[in-house]
Amino acid sequence: MADIASLFNLVAPFFGLILLGFLIGRYKRLPGEGLAWMQFFLIYVALPCLFYRLIADKPLSELTNWRFVAVTTLATFCAFVLSFALGWRHTQGDMPQAVMQGVAGSYSNIGYMGPPLILAALGPAASAPVVLIFVFDNLLLFSLIPFLMALAGVEKRSFAATAAEVVRRVVTHPFNVATVAGVLAAFLKLELPTAIDKMTLWLSQAAAPCALFLLGVTVALQPIRQMPSELPWLVAIKLLLHPLLVWLLLSGLGDFSAPWVYAAVIMAALPPALNIFVISTQYRVGIERASACILVGTIVSTVTLTGFLWLVKTGRMPADLFH
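Labelled according to an unreviewed UniProt entry, the chain appears under the name AEC family transporter, originating from Bosea vestrisii. As stated in UniProt under Sequence similarities (unreviewed entry), the record for the chain gives "Belongs to the auxin efflux carrier (TC 2.A.69) family."

Together, Leu60, Val180, Val183, Leu184, Phe187, Leu188 and Leu190 make up a nonpolar patch on the protein surface, roughly 650 Å² of accessible area in all. Mapped onto the elements of the fold, phenylalanine 187 is located in helix α8 (residues 174–188). Its relative accessible area of 55% is what places phenylalanine 187 among the exposed residues.

Quick look at the packing of helix α10 (residues 231–253) against helix α11 (residues 258–269) now. At a minimum axis distance of 7 Å, the contact between α10 and α11 shows a crossing angle of 160°. Between α10 and α11, the crossing angle belongs to the class labelled roughly antiparallel. In this structure, α10 meets α11 at a crossing whose hand is right-handed. Across the interface between the two elements, Lys238, Leu239, His242, Pro243, Val246, Trp247 and Leu250 from α10 touch Trp260, Val261, Ala264, Val265, Ala268 and Ala269 from α11. Looking at the contact of α10 with α11, its residues break down into 11 nonpolar, one polar and one charged.

The rules we used
Residues numbered from 1 in each chain as written. Predicted model: local features only at pLDDT ≥ 70, side-chain atom pairs only at ≥ 80, totals over all residues. Heavy atoms only, no water. UniProt positions renumbered as here; feature names shortened; annotations may be inferred. Patch = residues over 30% accessible without salt bridge, like charges linked within 9 Å, V, L, I, M, F, W, Y side chains within 5 Å. Areas by Shrake-Rupley, 256 points an atom, 1.4 Å probe, with all protein chains shown as cover. Salt bridge = Lys/Arg side-chain N within 4 Å of Asp/Glu carboxyl O. Helix = DSSP H or I, 4+ residues; strand = E, 2+ residues; numbered from the N terminus. Buried < 20%, exposed > 50% of the residue type's maximum accessible area, 1.4 Å probe, protein only. Axes fitted to C-alpha atoms, helices over the stretch in contact; angles between N-to-C directions. Parallel < 35°, antiparallel > 145°, perpendicular 65-115°, else oblique. Left-handed = near helix turned anticlockwise from the far one by under 90°. Contact = heavy atoms within 4.5 Å. Nonpolar A, V, L, I, M, F, W, Y, C, P; charged D, E, K, R; others polar.

Encoded structure:
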């Protein structure tokens, strides 16, 4: 009973904030345009401060674990390919829709929900793997999406123009800029002035509650008239197959410490990211499907994510399965 109570106290605030945002968004009819400032605050201010602080005090040896990066990115790519194939079949070869299904089955809520939940569950030893997964999963998916959309004819650009745009987005994305700044701070052993350090601390602490509340409101404002037939399969890939694949690959292909393995498993077990809706809106493809996947995936993850956390916290999921 103590384990169950501890897990409830760990996950309840996260899902509670999402539920609070959903209920307020559903019953308090405020204009959706007002969310733009909150999104800007999160993406350009609060979350970059969070990632900078996660990285800046880490030894560089932890941030150059390329074998870990390769394994976790491979697992995300496999989840994307399987979800893409599922979407291709259910949409009768509609490639833009299939791309969005691929994203829905592989892209975890690694920016808004991942860092605070995993650090609360596993402690500061898990911060380096959290950052690496965040950076390289984003690099993978935000490279795949524009190229596949260009191939499908949604982006009316040449291959060279698409490649240049991908590079520009990667280099200038505020999360990646914050990551680079954190790496430089770690290398130079830089300490921020007290006033700036306190500001970045406050902003980093604001990231999680604002992001989770925004997730709930955003889903509440999107009408869902019917559930796509492939949705249960996509949710199963995202919430069950993806974390199990990460666990098997990390256990079979490398000798990684327990906090790194468990951080990767929980990152993969997170519900679908809000960015799926943002991407679908950007391309005007599968907006209703994206909303349905985020809503259902978040609801189901209250059970599946809690289950994985229980396996980790009670030691029933060994960090090294094969030894």
